[in-house]
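Okay, here's what each chain looks like letter by letter:
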Protein chains: 2
Amino acid sequence: MLAKELNLAISTVSKALRDSHEVKAETKTKVWDLAKKLNYQPNAFAAGLRAQKSKTIAVIFPELANSFFSLAIKGIEEVARGKGYHVLIYPTHECKEQEISFAYRLMDGRVDGLMISLSRGTTNYDHLIDLNQKVPMILFDRISDDIDILKVTTNDYESAFIATQHLIENGCNKILYLEALKFTSAGKFRLQGHIDALEEFNLSYNKQLIIDCDQSDQENYYHIKHGLVSNKPQGILSSIEKLATLCYNACKELNLTIPNDVKIVSFSNLETAHLWSPPLTTITQPAFEIGKEAAKLLFQLLDKKQIDLKDENKILKSAFIKRGSSAVCETFT
Amino acid sequence: MLAKELNLAISTVSKALRDSHEVKAETKTKVWDLAKKLNYQPNAFAAGLRAQKSKTIAVIFPELANSFFSLAIKGIEEVARGKGYHVLIYPTHECKEQEISFAYRLMDGRVDGLMISLSRGTTNYDHLIDLNQKVPMILFDRISDDIDILKVTTNDYESAFIATQHLIENGCNKILYLEALKFTSAGKFRLQGHIDALEEFNLSYNKQLIIDCDQSDQENYYHIKHGLVSNKPQGILSSIEKLATLCYNACKELNLTIPNDVKIVSFSNLETAHLWSPPLTTITQPAFEIGKEAAKLLFQLLDKKQIDLKDENKILKSAFIKRGSSAVCETFT
DNA sequence: CTGTTAGCGCATTCAC
DNA sequence: GTGAATGCGCTAACAG
C-alpha cells in the first residue's frame, strides 16, 4: 500500500481500490489516478493469504514437448484465464518420482486446484490421495481406474473400434495394428477396441498383426517393414501419428501405393495429417477440448465446493475420425 | 501451523522444520514425524509474503501449441525447477492486448522474474518498461532491438547465410526462398542472411524467388507450386518446416525428385525431419537450449540483483545444420 | 533450548 | 466517509 500514505489511511485506499460504496467518489478517483500512475497492483501473496485462496491452478503432466499435452494445456489455460486464474506447470518427463515430488510440494497452499495426467511409471496413488485431501483435482487423459477422482479422457476404445470397422468395411481383411503407449490407459483401450472390432466382424485375431512399437524409430521401422512384407495387410491402424509416418515411408520403400495397396488410419494430434499426399485418414484426439472440459470440471468443483457431482460427470469422452479435412464419421460428445 | 499446537510454540516448530541448531534433536524428530503424518507444508503465500519473494517465475510467449515454444519452456522449466522455482505460463496467442494485460497483472508481486517472447503485434514497449521496473526480465526468441533488456535468441542471420552457401556450393544457382514470419525478428534476419549470401556469391537477387508464405496452407501451396514451375529452381530454402512439407508435396506432384532435381533445406523445430524419405536437410533451432540459457541468465539477474551484466551477455546465439541425423555443419555457440 | 513479539500487505470489522 | 485495529501463517529477532 505504501506510497498511498501521501494522504489517506490504508484501509480507505483499500476500499477505494475495491470501489466500495462507502468512499467518496472524489477520493476514489484520486486513489485510482495515483494507482495508475504508479502501476500499483495489490500484492497477490498478501491478498491470497488474507482470502485463503491463490487464484492459481496447477497442471501436472508427462511431457511438454508433445502436441497432445501442449494443446490440452492450452485449453486449460484458456478456461483458467477466463476465470481470472493463473496456471502453473509441472512436467514430470514420465518420471514417477518427479510426479510425487510435485504432488507434495503443491500441498503448500500455492494452488486452489489442479489437473493431473499420470506419468508412465505411476502405479501407486498415495500421493494423489494425500494431495486430493488438501486440494480439489481432476485427472485427464492419462488416468487410472484405481483411483476415485473425477476424470476426463478420450473414448479410445470406441475410436479404435470404429476405425477398425471403417477399414473392414473398406475391404481390409487383414489389418496391421501399430501398438504404442502400451503402458497407458489410452494405449490399452485402443488395442482392445481394435481386437473387439475384429471379433465383432468375425476376423481372426492374429498376434502377428500386432506390432509392438514402443522402441526406437529405427527398430519400429524395421518391425513395421517386416510386418508389411510377411503379412501383406490391406489395412493399417496406427495408434500414434509418428508410427503412421514411419509406415508411410516403409510403404513407399516397398512400392506399396496408398490407399490402393494398403489403407492407413492413424490416431493423431498433430495437424500435419492433411499435408500428406495422399492425406492420412486420422482419428483426431480433441486434446484442446479435453483440456477445456477438464478445467471446466475443476472450476465446478471449486465453485460448488465438494458438492457431490462425484457421481455425475465421472468420465467425459470424445474423438472423431476424418480423412484429410473431410469427416468420415464423428463421435464427439 | 495449527495442529502443532498439541505441544510446542509456533516458532519452535518453525525452527524445528528448518532444522535449526537451536532445537533439541528429540523435539525435531517429534515435529518432523507429525509433519510427515499430516503432510504438512508451510504455507507458500505466508512464507512468500514474509520473505518478499515468490520462488516463482513467469513466461509470456506467443503460442503454446508450437514445438519451438514448447521446447523453450521445457528448458526454462528445467532450470527453474533446479533452482526450486515454480513456473507460471501466459500464452498470448499472438495478441498484443493479451500481452499487455499479462504484463500489468504480473506487477502484483506474484513472480520474482520473468521471460518474454514478444507477440506478433507488439510494437510499443511501454508495458515491458513498466514491468521491468518492478521485476527483472529476459527477452527470448521474439525480441526487439528497440528495448534495452537482456535478450537470448538464435543466430538466424548466420544460419540462413550458411544454408544458402550450402545450397550454392552444391550447385544451386537459382534458389527459391519460402518466407514466413515476416513480422518477427527471426523472419527478417533469415531473409537478410539469405539475400546477403546470394550477393556474397555473386548470384543475382531476384524478388520472384522470394515466396511470401504467411497465408493459408492452400494459398502457400499454390504459390510454392507456381514458384517451382515458373522459376525451375535447383534449390529451396524454407524458413519454417511446415512450408518445407508443402514444398515436398508440391515437388512430388510435379515429379521433381529430391535431391536430384531440387534440393531442400529448411529451418526446423520438429524432430520429424529424419522421418522423411529422403531426409530433409535442416537448420535446427535449439529451442530447448534457448530456454535454458535464457532462464540461466534470468537467475543470474535474480542472484546478483541488478549487477551490471547489462553489457555482458546481451545476445546469445546458436543454431546448427544437419541432414537427417548426420551433421552437415555446426555453428553452436 | 524454548517462547514471545513483531511485521510482511491486505481486507474486514468496528469505532469515530 | 474515514481511520484504527485485527488476523491470515510465517520467520526472524530477541528474551527468557
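Cut-offs and rules
- Residues numbered from 1 in each chain as written.
- Chains lettered and ligands numbered in written order.
- Predicted model: local features only at pLDDT ≥ 70, side-chain atom pairs only at ≥ 80, totals over all residues.
- Heavy atoms only, no water.
- Core = buried A, V, L, I, M, F, W, Y, C linked by side-chain atoms within 4.5 Å.
- Buried < 20%, exposed > 50% of the residue type's maximum accessible area, 1.4 Å probe, protein only.
- Salt bridge = Lys/Arg side-chain N within 4 Å of Asp/Glu carboxyl O.
- Helix = DSSP H or I, 4+ residues; strand = E, 2+ residues; numbered from the N terminus.
- Expected span 1.5 Å × (residues − 1).
- Axes fitted to C-alpha atoms, helices over the stretch in contact; angles between N-to-C directions.
- Parallel < 35°, antiparallel > 145°, perpendicular 65-115°, else oblique.
- Left-handed = near helix turned anticlockwise from the far one by under 90°.
- Contact = heavy atoms within 4.5 Å.
- Nonpolar A, V, L, I, M, F, W, Y, C, P; charged D, E, K, R; others polar.
- Least-squares fit on C-alpha atoms with pLDDT ≥ 70 in both.
- Buried area = accessible area lost by both parts, 1.4 Å probe.
- Near = heavy atom within 4 Å.
- Polar contact = N/O pair within 3.5 Å; in protein donor to acceptor, adjacent residues only side chain to side chain.
- Domains from an automatic or database assignment.
- Phe/Tyr/Trp six-rings, centres within 6.5 Å; stacked < 30°, edge-to-face > 60°.

1. What to know about the nonpolar core
The nonpolar side chains of a soluble globular protein tend to be buried with one another. Ranked by size, the top nonpolar core spans 57 residues in total, and within it Phe140(A) and Phe140(B) carry the most contacts. The next biggest cluster of nonpolar side chains, apart from the first, holds 42 residues, and it includes Leu106(A), Tyr125(A), Ile147(A) and Ala103(B).

2. Structural notes on the pattern of salt bridges
A side chain with one charge may pair with a side chain of the opposite charge, provided their charged atoms come close. Evaluation of the coordinates by the stated rule reveals 24 salt bridges over all chains. Lys225(A) is the salt-bridge partner of Glu253(A), the closest N and O atoms lying 3.0 Å from each other. Residue Glu253(A) is found in helix α10 (residues 241-253), and its partner Lys225(A) is found in helix α9 (residues 217-231); the two are separated by 28 residues along the sequence. Take Glu253(A): its relative accessible area is 45%, and that puts it in the partly exposed class. Here Lys296(B) makes a salt bridge to Glu293(B), at a shortest N to O gap of 3.5 Å. You can see Lys296(B) and its partner Glu293(B) sitting in helix α11 (residues 287-304), 3 residues apart, about one turn around the helix. Judged by relative accessible area, Lys296(B) falls into the partly exposed class, the value being 40%. Relative accessible area serves as the criterion here: at 27%, Glu293(B) is assigned to the partly exposed category.

3. Remarks on helix α7 (residues 156-169) of chain A
Residue and element names in this part refer to chain A. In this model α7 runs 20 Å from its N-terminal to its C-terminal C-alpha over 14 residues, within 8% of the 20 Å that 1.5 Å per residue would give. Along α7, the residues that are buried comprise Asp156, Ser159, Ala160, Phe161, Ala163, Thr164, Leu167 and Ile168. Following α7 by one or two positions, Gly171 adopts a phi angle in the positive range, close to 90°.

4. Structural notes on the packing of helix α7 (residues 156-169) of chain B against helix α8 (residues 185-200) of chain B
Residue and element names in this part refer to chain B. Between α7 and α8, the shortest axis-to-axis distance is 7 Å and the interhelical angle comes to 40°. The orientation of α7 with respect to α8, classified from their angle, is oblique. The two elements α7 and α8 cross, and the hand of that crossing is right-handed. The residues of α8 that touch α7, namely those facing Asp156, Tyr157, Ala160, Phe161, Thr164 and Ile168, are Ala186, Phe189, Arg190, Gln192, Gly193, His194, Asp196, Ala197, Leu198 and Glu200. In the contact of α7 with α8, the residues fall into 8 nonpolar, 4 polar and 4 charged.

5. Description of the relation of the copies chain B and chain A
You can overlay chain B on chain A at an RMSD of 0.1 Å; the transform is a turn of 180° with a shift of 0.0 Å along its axis. Both copies are brought into coincidence by an operation consistent with a two-fold rotation axis.

6. Describing the interface of chain B and chain A
Chain B puts 54 residues into the contact, and the matching count from chain A is 54 residues. Buried area between chain B and chain A, both sides added, is near 4700 Å², and the carbon and sulfur share of it is 57%. At the junction of chain B with chain A, the criterion picks out 2 salt bridges. For the salt bridge of Glu63(A) with Lys74(B), the shortest nitrogen-to-oxygen distance reads 3.1 Å.

7. Observations concerning the protein's contact with DNA strand C
For DNA strand C, the set of nearby residues contains 23 residues, the closest of which are Met1(A), Tyr40(A), Lys15(B), Glu22(B) and Gln52(B). For DNA strand C, the backbone makes up 61% of the atoms found within 4 Å of the protein, where backbone means sugar plus phosphate. Take Ser14(A): an N or O atom from its side chain is 3.2 Å from a phosphate oxygen of DNA strand C. The contact in question runs from a base oxygen of DNA strand C to an N or O atom on the side chain of Ser11(B), over 2.9 Å. Mapped by element, the contributors of at least two residues to the surface near DNA strand C are α1 (10-17) and α3 (44-51) of chain A together with α1 (10-17) and α3 (44-51) of chain B. Residue composition of the surface near DNA strand C, grouped by class: 9 nonpolar, 7 polar and 7 charged.

8. Things to note about the domain arrangement of chain A
All names here are of chain A. Taken domain by domain, chain A holds domain 1 (2-42), domain 2 (51-153 + 287-316) and domain 3 (156-286 + 319-332). Between domain 2 and domain 3, the contact holds 14 residues from the first and 10 residues from the second. Regarding the contact of domain 2 and domain 3, the summed buried area is about 940 Å², with carbon and sulfur atoms giving 56% of it. For the domain 2 face of the interface with domain 3, the top three residues by lost area are Ser67, Arg120 and Arg142, together amounting to 39%. Run the count over domain 2 and domain 3 and you get 0 salt bridges. On inspection of domain 2 and its partner domain 3, the count reaches 4 residue pairs in polar contact (both at pLDDT 80 or more). Breaking the side of domain 2 that touches domain 3 down by element, the ones donating at least two residues are α4 (67-82) and α11 (287-304). When residues in the side of domain 2 that touches domain 3 are grouped by element, the largest group, 4 residues, is from α11. Residues that form the side of domain 2 that touches domain 3 fall into these classes: 6 nonpolar, 2 polar and 6 charged.

9. A few points about the packing of aromatic side chains
Throughout the structure, instances matching the rule amount to 13 aromatic pairs over all chains. Between the aromatic rings of Phe61(A) and Phe69(A), the centroid separation amounts to 6.3 Å while the plane-to-plane angle is 40°, which identifies the pairing as tilted. Like Phe69(A), Phe61(A) is buried. Aromatic side chains Phe69(B) and Phe140(B) sit 6.4 Å apart centroid to centroid with 75° between the ring planes, which places their arrangement in the edge-to-face category. Of the two residues, Phe69(B) sits in helix α4 (residues 67-82) while Phe140(B) sits in strand β4 (residues 137-140), which places them 71 residues apart along the sequence. Neither residue differs from the other here; Phe69(B) and Phe140(B) are each classed as buried.

10. Topic: the protein's contact with DNA strand D
As a matter of local geometry, DNA strand D sits amid 24 residues, with Lys15(A), Gln52(A), Met1(B), Tyr40(B) and Arg50(B) nearest to it. Taking the atoms of DNA strand D that fall within 4 Å of the protein, sugar and phosphate contribute 65% of them. Within the side chain of Thr12(A), a nitrogen or oxygen atom sits 2.9 Å from a phosphate oxygen of DNA strand D. Here Arg50(A) contributes a side-chain N or O atom positioned 3.0 Å from a base nitrogen of DNA strand D. For the surface near DNA strand D, the elements supplying multiple residues, two or more each, are α1 and α3 of chain A together with α1 and α3 of chain B. When residues in the surface near DNA strand D are grouped by element, the largest group, 4 residues, is from α1(B). When the residues that make up the surface near DNA strand D are grouped by side-chain class, the tally is 10 nonpolar, 7 polar and 7 charged.

11. Describing the environment of Glu78(B)
For Glu78(B), the position within the fold is in helix α4. Sequence separation between Glu78(B) and Phe288(B) is 210 residues, and the spatial gap between their C-alpha atoms is 9.8 Å. Sequence-distant contacts of Glu78(B), that is, excluding residues within four places in its chain, are made with His93(A) and Phe288(B).

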